[in-house]
Amino acid sequence: MARSINLDGFENLFQCDPDPWDYETSAFEAHKRSVLLRHAGLSPRGRVLELACANGVTTQALMNVGLRVTALDGSLTAISQAQARLGKISRLRLLHANLPEGMPKERFDLIVVSEIVYYLGSIAARQLAKSVANRVSPGGRVVVLHHHVNFPDASVNPEHAHRDFVRLLRKRMTLVRSARTGRFCVAALVAGHRH
């Protein structure tokens, strides 16, 4: 059985190939991105946060959704590639940060959690869910998208990781939309007003 991939493994992946999952050219990846964006909702968002942005292909699409976009990744090479793709845009902030401890402290109107939770251990995933719930603005939305088929370098079963993460968010948020395709699951949750 293969070992789960860690931050060094992701750094190595991006150093060897600037697009290791064919985000730019794959019809499947384009479809998955369009599903993610539909779950983000039709309304423009003020502040958007993308976790694990990789080389910035999805970040580029999110620039059409948010007035200000923050994207982060644990791979410095991936962040450099995203910077090269997107150029210098005043309303974009790219951060090299490890999760869950590197979660930005401000609040966001949309948080995208895509294809990251199954690379974290259970404790880190719980910490990340708590941080996400604390960082989404009242009335803001969180979109969670993950593959549900097993693959060798995941730390935990992908389907369980997605299900458990959404379940944790639902303790403080309302599930408003979800879908399951042959390869991935997606959920959109909205934060209620705090009292």
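Residues numbered from 1 in each chain as written. Predicted model: local features only at pLDDT ≥ 70, side-chain atom pairs only at ≥ 80, totals over all residues. Heavy atoms only, no water.

Asker: Help me understand the overall build of the chain in this model?
Answerer: If you tally the helices and strands in the chain, you get six helices and seven strands. Listing the helices and strands of the chain from first to last along the sequence gives α-α-β-α-β-α-β-β-α-β-α-β-β. Across the 195 residues of the chain, 50% fall into the buried class. At a minimum sequence separation of 6, the contacts of the chain that also span at least 24 residues come to 67%. Accessible surface for the chain amounts to roughly 9,600 Å². Of this, 52% is attributable to carbon and sulfur atoms. (Helix = DSSP H or I, 4+ residues; strand = E, 2+ residues; numbered from the N terminus. Buried < 20%, exposed > 50% of the residue type's maximum accessible area, 1.4 Å probe, protein only. Contact = heavy atoms within 4.5 Å. Areas by Shrake-Rupley, 256 points an atom, 1.4 Å probe, with all protein chains shown as cover.)

Asker: Is there a simple way to explain unusual backbone geometry in this structure?
Answerer: Cis peptide bonds are those with omega within 30 degrees of zero, and the linkage from L99 to P100 qualifies with 10°. Here P100 shows up in the loop between β3 (92-96) and β4 (108-114). With a phi close to 60°, A52 is a non-glycine residue in the positive phi region. Locating A52 in the fold gives a position in the loop between β1 (45-51) and α3 (57-62). Classification of A52 as partly exposed rests on a relative accessible area of 24%.

Asker: Even after reading the chapter, I still don't get helix α4 (residues 76-86), so can you show me in this structure?
Answerer: Given 3.6 residues to a turn, an α-helix orients residues that are three or four positions apart in the same direction. When α4 is considered as a whole, its buried residues turn out to be T77, A78, I79, Q81, A82 and L86. One or two steps after α4, the chain reaches G87, where phi turns positive at roughly 70°.

Asker: Any chance you could explain the sheet that holds β1 here in plain terms?
Answerer: Working definition: the strands of a sheet are paired by backbone hydrogen bonds and lie parallel or antiparallel to each other. The seven strands lie next to each other as β3-β2-β1-β4-β5-β7-β6, forming an open sheet whose pairing is mixed. Both edges of this open sheet fall to β3 and β6 (173-180), since each of them pairs with a single strand only. Strand after strand, the sheet turns through a mean of 15° between neighbouring axes, direction not considered. In this sheet, strand β5 (residues 136-147) lies alongside β4 in parallel orientation, the contact comprising six bridges. In the strand pairing of β5, S114 is matched with L145. Along the sheet, helix α5 (residues 122-135) contacts β1, β4 and β5; its crossing angle with β5, the most-contacted strand, is approximately 145°. (Pairing = 2+ DSSP bridges. Axes fitted to C-alpha atoms, helices over the stretch in contact; angles between N-to-C directions.)

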